[in-house]
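What follows is each chain in one-letter form.
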Amino acid sequence: SDDGKLSFDEFKAYFADGVLSGEELHELFHTIDTHNTDNLDTEELCDYFSKHLGEYENVLCVLEGLNITILKAMDKTKKDYQEASSLEQFVTRFLLKETLSQLQSLQSSLECAMESTEEQSRQERKDPTKPEVLSVQWPGKHLARRLQRNNSLSSNNPSSSTGWIEKDSQWVIQINRLQKLIDRLEKKDLKLEPLEEEVLEENARSHIMIIQHQMSVKEEKVEEFRLALKQYLESASAQGGCLHVSIQKLPSHFHFIVYEFWENSNAWNSHLQMNYSKAFQRSNVDFLETPELITTMLVPGKY
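Just so you know, these numbers come straight off a predicted model, no measurement behind them.

This part covers the overall build of the chain. The secondary structure content of the chain amounts to ten helices and seven strands. Considering the chain as a whole, with its 303 residues, one finds that 30% of them fall into the buried category. When contacts within the chain are restricted to residue pairs at least 6 apart in sequence, long-range pairs at least 24 apart make up 67% of them. Only carbon and sulfur atoms are counted for the fraction: they give 54% of the accessible area of the chain, which is about 20200 Å².

See the structure below:
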């Protein structure tokens, strides 16, 4: 609630990982609450986790430096892009895309590590495996706070007096629109607007393409399939028209559901013609028990 402290309910909502039980989370909460106030403040959280950082202290320091470095590059990109030549703009777009691809590759490795540790913990506890959702891109629900934090870093940075995020920045407006879209699509109690007639502009890109892949994998091919799926998702999410990609692994361990969100049907069709997409479809012939079930749907872009 942005009051500078965490109640147990807030702590549980943020730190629950599906492995620790409610009692264990409650015990952890009181272990961190050295002030015995039934609320955790920043100092208590820092003191607790600082004792357990180990090798991750260096990792987090590097990430902080990387965050500032990227913000500087984005700040300069925003200032110079409009005045640049067509070739210079092309190079800038390529560098942005390559940077994003590298970050997503790193994120995929971390997600695999997280999945392995969670799976091992569940097996050790002999708990029933629950469906897992792996997000390839940043979760929308945390994006606003991340932007606020980055804005603070950039504004306080002496080498960037204005910061790349301004109140009326068109880039931030677009990011916020995507954040709201993903939040609304993830929200279970989604409420659509009252019925109204919408007049579309000619050639307007007004609909988002959503694709669902359902795949039942042969048990002996699961590891090969996961590697091929990872490469496919990395390539798809790096495409300019891809808004979001996520995976659900069902309890059977051999059934996967992939969701893709594309800017429009043209972006989706272009993606289908790419070599990485064709290669993944060819490999599924050997990996799947039954033919892949693909469902597509167009939804109004305003939602």
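Resuming the write-up.
Counted according to the given criterion, the structure contains twelve aromatic pairs. Plain terms: the ring middles of tyrosine 14 and phenylalanine 15 are 5.1 Å apart, the flat faces sit at 80° to each other, and that makes the pair edge-to-face. Its relative accessible area of 26% is what places phenylalanine 15 among the partly exposed residues. Taking the centre distance of 6.4 Å and the plane angle of 55° together, the rings of tryptophan 262 and tryptophan 268 count as tilted. The buried category is assigned to tryptophan 262, whose relative accessible area is 1%. A relative accessible area of 7% places tryptophan 268 in the buried class. One aromatic cluster in this structure is built from Phe8, Phe11, Tyr14, Phe15, Phe29, Tyr48 and Phe49.

Here the focus is the pattern of salt bridges. In total, this model carries three salt bridges according to the counting rule given. A salt bridge links lysine 79 to aspartate 75, with the shortest nitrogen-to-oxygen separation between them at 3.5 Å. Linking lysine 79 with aspartate 75, this pair stays in helix α4 (residues 56-80), spanning four residues, or about one helical turn. Exposure remark for aspartate 75: the relative accessible area of 5% places this residue in the buried category. For glutamate 224, the salt bridge goes to lysine 221, with nearest N and O atoms at 3.7 Å. Relative accessible area serves as the criterion here: at 42%, glutamate 224 is assigned to the partly exposed category. Judged by its relative accessible area of 24%, lysine 221 is partly exposed.

Turning to helix α2 (residues 22-32), a few remarks are in order. Buried within α2 we find Leu25, Leu28, Phe29 and Ile32. Angularly, the buried residues of α2 cover 105° about the axis, an arc narrow enough to put them on a single face. Exposed side of α2, more than 90 degrees from the buried face: Glu23 and Glu27 are the residues found there. In this structure, the buried side of α2 is in contact with β1 (5-6), α1 (8-15), β2 (40-41) and α3 (42-50).

Our next topic: the environment of threonine 296. Examined against the element boundaries, threonine 296 turns out to sit in strand β7 (residues 293-300). Sequence separation between threonine 296 and isoleucine 211 is 85 residues, and the spatial gap between their C-alpha atoms is 4.5 Å. If we ignore the near neighbours within four places in the chain, the residues touching threonine 296 are Met209, Ile210 and Ile211.

A few words on a nonpolar patch on the surface. On the surface, Tyr56, Val59, Leu60, Leu63, Leu66 and Leu103 cluster together into a nonpolar patch covering about 520 Å² of accessible area. It is α4 that provides the largest number of residues to the nonpolar patch, a total of five residues. Tracing the backbone shows leucine 60 in helix α4.

What follows concerns unusual backbone geometry. Negative phi values dominate among residues other than glycine, just as trans dominates among peptide bonds. Of note, the phi angle at asparagine 36 is positive, near 55°, even though the residue is not glycine. By the element assignment, asparagine 36 lies in the loop between α2 and β2. Phi is positive for aspartate 38, close to 60°, though the residue is something other than glycine. Looking at where aspartate 38 falls in the secondary structure, it is placed in the loop between α2 and β2.

Let's shift gears to the nonpolar core. Counting 23 residues, the largest nonpolar core has Phe225, Leu229, Leu233, Val258, Trp262 and Phe280 as the members making the most contacts within it. Of all elements in the fold, only β4 (207-216), α8 (222-237), β5 (242-249), β6 (255-262), α9 (265-272) and α10 (275-287) reach the threshold of two or more residues within this core. Ranked by the residues each element gives to this core, the list is headed by α8, at seven residues. By size, the runner-up hydrophobic cluster in this structure holds eight residues, among which are Phe8, Phe11, Leu28 and Ile32.

With that out of the way, let us pick up the UniProt feature "domain: EF-hand" (unreviewed entry) in the chain. Mapped onto this structure's residue numbering, the UniProt feature "domain: EF-hand" (unreviewed entry) falls at residues 20-55. Strand forms 6% of residues 20-55 and helix 56%; the C-alpha atoms that close the span are 23 Å apart.

Relative to each other, α1 and α2 sit at 115°, their axes nearing to 10 Å. The two elements α1 and α2 cross, and the hand of that crossing is right-handed. Listed contacts from α2 to Phe8, Phe11, Lys12 and Phe15 of α1 are Gly22, Leu25, His26, Leu28, Phe29 and Ile32. Taken together, the residues that form the contact of α1 with α2 break down as seven nonpolar, two polar and one charged.

Conventions adopted
- Residues numbered from 1 in each chain as written.
- Predicted model: local features only at pLDDT ≥ 70, side-chain atom pairs only at ≥ 80, totals over all residues.
- Heavy atoms only, no water.
- Helix = DSSP H or I, 4+ residues; strand = E, 2+ residues; numbered from the N terminus.
- Buried < 20%, exposed > 50% of the residue type's maximum accessible area, 1.4 Å probe, protein only.
- Contact = heavy atoms within 4.5 Å.
- Areas by Shrake-Rupley, 256 points an atom, 1.4 Å probe, with all protein chains shown as cover.
- Phe/Tyr/Trp six-rings, centres within 6.5 Å; stacked < 30°, edge-to-face > 60°.
- Salt bridge = Lys/Arg side-chain N within 4 Å of Asp/Glu carboxyl O.
- Arc of directions from axis to C-beta.
- Patch = residues over 30% accessible without salt bridge, like charges linked within 9 Å, V, L, I, M, F, W, Y side chains within 5 Å.
- Core = buried A, V, L, I, M, F, W, Y, C linked by side-chain atoms within 4.5 Å.
- UniProt positions renumbered as here; feature names shortened; annotations may be inferred.
- Axes fitted to C-alpha atoms, helices over the stretch in contact; angles between N-to-C directions.
- Left-handed = near helix turned anticlockwise from the far one by under 90°.
- Nonpolar A, V, L, I, M, F, W, Y, C, P; charged D, E, K, R; others polar.

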